[in-house]
Amino acid sequence: MTTEVSRLGSEIAAGSSKDLLRAEGVTKTFPARDLRALDPIDLRIRSGEFVTMIGPSGCGKSTLLKIMAGLLPATDGRVVLDGRPVVGPRTDVGIMFQQATLLPWRTALENVMLPIEIRHGARAAKSMRQDAVEVLNSVGLDEFEKVYPHELSGGMAQRVAICRMLVTQPSVLLLDEPFGALDELTRDHMNEELQRICEARNATAFMVTHSIPEAVFLADRVVVMSARPGCISDEIEVKLARPRTLDMTTREEFGKIVRKVRSKLDLGGQR
Amino acid sequence: MSQTLERSPEAPRSSETKRSREPLLDRMPQWIALVLVGGGGLLVWQLIVSLELVSRILLPGPPETFGEIINSALGIVQGDYVFEALWITTQEVVLGFIAAAAVGFVLGVVVGETRFGQKAIMPYLVGFNALPKVAFAPVFAAWLGFGINSKIIMALFIAFFPVIVDTAAGLASVDRDAVMLFRSVGASRWQTLVKLKLPNALPFIFAGLKTAAVFSVVGAVVGEYLGGGNGLGELIRLSAQQLRLDRVFALIFYLSLIGLALFGLMSWLERRFVFWRKPELLDITTVA
Ligand SMILES: Nc1ncnc2c1ncn2[C@@H]1O[C@H](COP(=O)(O)OP(=O)(O)O)[C@@H](O)[C@H]1O
Ligand SMILES: [Mg+2]
């Protein structure tokens, strides 16, 4: 039953333009705890598509995201990014977590340049300085280069984390509840910001969230996951015009999709 | 940027309203409170002596003791035998501390960073820590003689364990997501250690170094008590035998200054290198 549903979702996705990121029958078992975290997951993400994933806590969303990022090996199945199987961390993947995980002993700019410094050394990072400054400017952090993380608010810290993710020009963004620790007002604001960034870059993104309105607001497609073991139970296309505004979230068509996602989620919970 | 540098203007006001409700003792500036408690202590001391609750020979009063501190200070400035002793003990403490810091740091990284160290070395270190280390002082004296070497080793012996534990704990305190982030950008194990885990462990490492600063004084003095030599410990032992307790207290005062100086240096380095963390008032408790 579950596999049928997910296959259905995949067929819808396969209908249009090229898949950039594909999970093919990915499963995960944690032998130490004798825990089957993921049942076969099939997921296709088209180039330029924004896919959000929602599901009960502990259903394996983070695990799936880490497998797609090459940070965790799949027990079975495989992930293919841009035609090449993912077997380890890749330079064309940008990743972001719930906490900004900025290094407190580095300025905002030095934090943004960290991925370059690690991959290509300090000299390369120095030569890329101007690019990093521009990325910071693009998220409204002008003149914040020399500021240390403890002087930043939660929202601003996450903006720096976005910049750190963007600075290496990844072809796909993987986001694990990136705004989950922020207050609701900041969070709404950050969602608008993220939409703007992704529109401007025509970015391909996969984002895990536990907020239904957030999932709907950002997504071209919402993937619903159910628990124990985690599997995709539904996929819902979101055909709202872009750019979406916070205003739209109070409209009936938005509410309809939110209710639809919620009903699927409840179904997932009963199983 | 409206949410810039969120320093709420409400904060000072609310703390002031809270202040006025606090009792007088809590409201006074810290230096007055310190003087008050210190003065109280001296008063009790003087009372005990004045009322002759304890014989004056066994417990000299504050004036005698401070007189002797000044006396010794004059001697130290002139470079007499107190100066010699102070210099010898300082060398023992500082060299013992440096050795403890180096050994503790290296073992701490091995234990904190490798599974092997964790499985095969840490249990031995924990067992070692349970030993009554002071009991080894005569052993070092027998091995290394009555010079400063046996005291340096004793200081090292007593002081290195906290550095290991704190370094390892600091390495373990790293945020899992930060490690994931480093892996995602292709960082090597070495890069993760140097650019993430060690800087992150610095507050812990400094806590260990501060403990080691105090412990290395203990080690050096125990070494001197039980292994002779010409340091302050030996002078204290002799003065106590002669029932010159004013001298004993004065010498202990100078002995503490060595530890305090080392401790202060570590605190200063910590403030410089761990600038992103507010110094915690509780740190003072580690001196005691
Ligand atoms: N490294 C691990 N070892 C063992 N079990 C794990 C590990 N990581 C996650 N799990 C388990 O796998 C399940 C899914 O976890 P996770 O992917 O973090 O869920 P979610 O992100 O959806 O909340 C949970 O039951 C969790 O306890
Ligand atoms: Mg999660």
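Before reading on, note that the structure itself is shown above.
The structure contained in this document is the topic of the report that follows.

About the thresholds
Residues numbered from 1 in each chain as written. Chains lettered and ligands numbered in written order. Predicted model: local features only at pLDDT ≥ 70, side-chain atom pairs only at ≥ 80, totals over all residues. Heavy atoms only, no water. Helix = DSSP H or I, 4+ residues; strand = E, 2+ residues; numbered from the N terminus. Buried < 20%, exposed > 50% of the residue type's maximum accessible area, 1.4 Å probe, protein only. Contact = heavy atoms within 4.5 Å. Areas by Shrake-Rupley, 256 points an atom, 1.4 Å probe, with all protein chains shown as cover. Near = heavy atom within 4 Å. Polar contact = N/O pair within 3.5 Å; in protein donor to acceptor, adjacent residues only side chain to side chain. Nonpolar A, V, L, I, M, F, W, Y, C, P; charged D, E, K, R; others polar. Salt bridge = Lys/Arg side-chain N within 4 Å of Asp/Glu carboxyl O. Pairing = 2+ DSSP bridges. Core = buried A, V, L, I, M, F, W, Y, C linked by side-chain atoms within 4.5 Å. Domains from an automatic or database assignment. Axes fitted to C-alpha atoms, helices over the stretch in contact; angles between N-to-C directions. Patch = residues over 30% accessible without salt bridge, like charges linked within 9 Å, V, L, I, M, F, W, Y side chains within 5 Å.

What to know about the overall build of chain B
Looking only at helices and strands, one finds 12 helices and zero strands in chain B. Helices and strands appear in chain B in the N-to-C order α-α-α-α-α-α-α-α-α-α-α-α. Counting the 288 residues in chain B, one finds 40% classified as buried. The long-range share in chain B, meaning contacts at least 24 apart out of those at least 6 apart in sequence, stands at 71%. For chain B, the accessible area works out to roughly 16,300 Å², and carbon and sulfur atoms hold 69% of it.

Notes on the site of ligand 1
Residues and elements named next belong to chain A. The environment of ligand 1 is made up of Phe30, Arg33, Leu35, Ala37, Ser57, Gly58, Cys59, Gly60, Lys61, Ser62 and Thr63. Arginine 33 is positioned such that a nitrogen or oxygen atom in its side chain is 2.9 Å from an oxygen atom of ligand 1. Summarising the interface, the protein chains cover 67% of the accessible area of ligand 1, which totals 560 Å² for the free molecule. Residue assignment for the shell around ligand 1 shows that the elements contributing at least two residues are β2 (35-46) and α2 (61-68). The biggest single contributor to the shell around ligand 1 is α2, with three residues. The class makeup of the residues in the shell around ligand 1 is four nonpolar, five polar and two charged.

Details of the interface of chain A and chain B
Listed per partner, the contact involves 27 residues of chain A and 24 residues of chain B. In this structure, Lys195(B) and Glu117(A) form a salt bridge, with 2.6 Å as the shortest nitrogen-oxygen distance. Applying the counting criterion to the chain A and chain B interface returns four residue pairs in polar contact (both at pLDDT 80 or more). A breakdown of the residues in the side of chain A that touches chain B according to their chemical character gives 13 nonpolar, six polar and eight charged.

Observations regarding the pairing of strand β7 (residues 172-176) of chain A
All names here are of chain A. Within β7, five of the five residues are buried, which leaves the element mostly enclosed by the surrounding structure. Of the two faces of β7, both are covered, the one formed by Val172, Leu174 and Asp176 as well as the one formed by Leu173 and Leu175. Examined bridge by bridge, strand β6 (residues 93-96) and β7 share four bridges and lie parallel to one another. Its bridge partner being in β7, isoleucine 95 is matched across the sheet by leucine 174. In the sheet, β7 pairs with strand β8 (residues 204-209) via five bridges, with the strands oriented parallel. Within β8, the residue paired with leucine 174 across the bridge is phenylalanine 206.

With respect to the nonpolar core
Core analysis: the largest hydrophobic core is formed by 96 residues, its most contacted members being Leu43(A), Met68(A), Leu174(A), Phe206(A) and Leu232(B). Structurally, this core is a two-domain feature, drawing no fewer than three residues from each of domain 1 (7-92 + 171-268) and domain 2 (101-169) of chain A. Leave out the neighbours within four places in its chain, and Met68(A) touches Leu21(A), Ala23(A), Leu43(A), Val79(A), Val86(A), Leu174(A) and Phe206(A). In terms of nonpolar packing, the next biggest core, distinct from the first, is built from 57 residues, Phe50(A), Val139(A), Leu152(A) and Val238(A) among them.

Description of the sheet that holds β2(A)
Residues and elements named next belong to chain A. Reading across the sheet, the four strands line up as β2-β1-β4-β5 and stay open at both edges, with antiparallel pairing between neighbours. The open sheet is flanked by β2 and β5 (84-85), the only strands paired with a single partner. Relative to β2, strand β1 (residues 19-30) is paired through eight bridges, and the arrangement is antiparallel. Residue pairing across strands places valine 26 opposite isoleucine 41, the latter belonging to β2. Each of β1, β2 and β4 (76-81) touches α2; the most contacted strand, β1, lies at about 125° to it.

A look at a nonpolar patch on the surface
Residue and element names in this part refer to chain B. Judged by side-chain polarity, Leu43, Leu47, Leu51, Leu53, Val54, Ile57, Leu58 and Leu243 come together as a nonpolar surface patch covering roughly 780 Å² of accessible area. Relative to the helices and strands, valine 54 resides in the loop between α3 (30-50) and α4 (62-78). What makes valine 54 partly exposed here is its relative accessible area of 32%.

A closer look at the environment of Glu151(A)
Along the chain, Glu151(A) turns up in the loop between α5 (129-138) and α6 (154-166). Residue classification places Glu151(A) among the partly exposed residues on the basis of a relative accessible area of 27%.

Notes on unusual backbone geometry
Residues and elements named next belong to chain A. With an omega of -5°, the peptide bond running from arginine 242 to proline 243 counts as cis. Within the fold, proline 243 resides in the loop between β10 (231-237) and α9 (252-270). Unusually for a residue other than glycine, glutamate 143 sits at a positive phi of about 60°. Within the fold, glutamate 143 resides in the loop between α5 and α6.

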